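Examining the three-dimensional arrangement
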Amino acid sequence: MKIDQIKKEFPIFDEKIQNNDLVYLDSANSSQKPKVVVDRINEFYTKQFSNVGRSVHYLAVAATNLYENTRTSVQKYINAKDKNEIVFTKGATEALNLIANTLGQSYLQEGDEVLITELEHHSNYVPWHFLRKSKNIKINFAEINDEGEITLEEIEKKITPKTKLISITHLSNVTGAILPVKEITQLAHSKGIIVVVDGCQGAPHLKLDMQELDCDFYAISCHKMYGPTGLGVLYGKKKWLEELPPYQGGGGMINEVKKDRISYGELPNKYEAGTMATAQVIAFDQSIKFLESIGIENVMKHEANLVEYGQELLQKNNSVKLIGNPKNKGGVLSFTIEGVHPHDIATILDEDGVAIRAGHHCCQILHDKLNIPASARASVGIYNTKEDLDQLNESINNCKKIFNL
Amino acid sequence: MNLKELYQEIILEHGKNPRNLRKTEGFNKDAKGNNPLCGDNVHVYLKLNGQKIVEDASFEGSGCAISMASASIMTDLIKGKNEHEAKEIVEDFLGMIKENPELKSKYLSEDEKTKLMCLSGVKQYPMRVKCATLSWHTMVSAFEENTEEVKTEN
Ligand SMILES: Cc1ncc(COP(=O)(O)O)c(C=O)c1O
């Protein structure tokens, strides 16, 4: 696999960013877009645009078919059993809110317990907090170990007879820990507990097989998967999506509307109220094709090499402290430098064209646990090279110099 | 503008060893500020005497070099000023950080202006402007006895 070739497919790397070549190490936040995806959006709007699922004219039918093609592509990509288990949302955040809201309406009862982890992104905590407020459910937290991992044993320890649902990230956007989702699901199901997975970081970087993972729900963020913004995917087992009530009401999600009664549409329309992110959905098909053309095994191998290389570099760099050291680690390197605030690090690195993120990365619970207000995070994607990580290290050294370290 | 100009001696010096990083004993005005995006937080304390003159100013909190240096310089130069003067200085500072090329307030000495101008480099870094302004907004809030925490939006 030639990374140089792959990188050429991303037009942004032809740009000078403040006179620098771009060293983009912020893919956990959002990935860059290959030309095929950008072009597809343009092509759809210029040559094929129509709203989907409404009219019977030629363009509307063609657009609807394109839209549904992406659903089928996603189904195959994540090996879901049924096309109707794929619901488009505005993002992973909306997918998680949809799950919490509908389970809250019809499944979770006062006093029930939801088990999440200290690694969770706010979008996999706040929606459950809403239910804590409105339905008096209880939220428990599985705790990280010293390596920044969540183990199966820890999950087992935190399950109580009242645990009704476990909602966990597939891959931590801070420590990079990959959670044993399959094993956790097996354990949970043996106790009649539902499993929700925040797959934002898993989907772009890991092999996905819903039937093998067997989780009940899986949330995907398309903009982190070389796809457009404003789009997410909710995978849900058919029996759940059929059983649960709708989330939003409006056009497209109904069957029959009368003054005294309303019946709802079938899956997946039931969960796709209103005009959807049509162009994004249609372009996302290209993201999947792009990933398929590289092969997820190759993606995983490349990124694992990068992380190992980056980890070694940063471990050798004194005054840099890596956050977490999980055995099973995805492409995320979060760190602090003693004596330099992460925001100062990010500003100084930015001057060299090195784009990283600084802050709490929407994981305040985790940062509180680690007793730090913020951290710096470099995260990789398919277009990154070892040279990018060398540049990261060099810019970190420059930062240390400025701060007289 | 380059980084060296932003992270000058004086910013590093104040950022690493902030002045007045403590809680004023017998303070009579205080307010909290927080920059949720970055995790910077600051608690400003003021002690005004009978003539409404700032006898002492201090702060507690944590944050980046820019926010710490800004709070440090601010608490230093606000001592001895009255509320009216302090507020004019805040206006002047915020104006400078956003757009004005220089400081104009007659209540600032040349030396104080020079110190404050060290922070002017953040203009080039829009995301960092709120780091520099957090403690200033918080001080205004203390004067006005707002109990709500200040949240910076640029
Ligand atoms: C782990 C995790 N969960 C959820 C989200 C939110 O995803 P989205 O931007 O699609 O709403 C993110 C992205 O910021 C994330 O990293």
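This text goes with the structure placed above it.
Residues numbered from 1 in each chain as written. Chains lettered and ligands numbered in written order. Predicted model: local features only at pLDDT ≥ 70, side-chain atom pairs only at ≥ 80, totals over all residues. Heavy atoms only, no water.

What to know about the pairing of strand 17 (residues 375–379) of chain A
Residue and element names in this part refer to chain A. Applicable threshold: Between buried and exposed lies partly exposed: a residue is buried under 20% and exposed over 50% of the maximum accessible area for its type, with that area taken using a 1.4 Å probe on protein chains only. Helical segments are the DSSP runs of H or I of at least four residues, strand segments are the runs of E of at least two, and each set is numbered from the N terminus. Being paired, for any two strands, means DSSP has found at least two bridges between them.
With five of five residues buried, strand 17 lies mostly within the body of the structure. Of the two faces of strand 17, the one carrying Ser 375, Arg 377 and Ser 379 and the one carrying Ala 376 and Ala 378 are both buried. Pairing between strand 14 (residues 332–337) and strand 17: four bridges, direction antiparallel. By the bridge assignment, Val 332 is partnered in strand 17 with Ser 379. For strand 16 (residues 357–359) and strand 17, the ladder comprises three bridges, and the chain directions are antiparallel. Bridging from a neighbouring strand, Arg 357 pairs with Arg 377 of strand 17.

So, empty space enclosed by the protein
Where empty space is left can be seen by rolling a probe of water-molecule size over the atoms. All names here are of chain A. Stated precisely, the cut-off is as follows: Think of a 1 Å grid over the protein atoms and nothing else: a 1.4 Å probe that fits but is trapped marks a cavity, an open set flanked by protein within 12 Å on at least five of seven lines marks a pocket, and residues with an atom within 4 Å of a point count as lining. Grid points are joined across faces, edges and corners, and a volume is the space filled by probe spheres set on the points. Think of it as three bins: nonpolar holds Ala, Val, Leu, Ile, Met, Phe, Trp, Tyr, Cys and Pro, charged holds Asp, Glu, Lys and Arg, and polar takes everything else, Gly as well. The start and end points of each domain follow an automatic or database-based domain assignment.
A complete count under the given rule lists one cavity of 30 Å³ or more for this structure. For the largest cavity, the calculated volume is near 40 Å³. In terms of lining residues, the largest cavity is bounded by Ser 27, Ala 28, Leu 171, Gln 201, His 205, Gly 330, Gly 331, Val 332, Ser 379 and Val 380. Across the lining of the largest cavity, the residue classes break down as four nonpolar, six polar and no charged. Of the residues that make up the lining of the largest cavity, three or more belong to each of domain 1 (3–30 + 295–402) and domain 2 (38–292).

Things to note about the nonpolar core
We count it as follows: What makes a nonpolar core is a set of buried Ala, Val, Leu, Ile, Met, Phe, Trp, Tyr and Cys residues whose side-chain atoms join them at distances within 4.5 Å. Note on contacts: a residue pair is in contact if any heavy atoms of the two residues lie within 4.5 Å.
Of all hydrophobic cores here, the largest spans 74 residues; its most connected members are Phe 335, Ile 356 and Leu 392 of chain A together with Tyr 7 of chain B. The contacts of Phe 335 of chain A, once residues within four sequence positions are left out, are Leu 314, Val 320, Lys 321, Leu 322, Ile 323, Ile 345, Ile 356, Ser 375, Ala 376, Ala 378 and Ile 396 of chain A.

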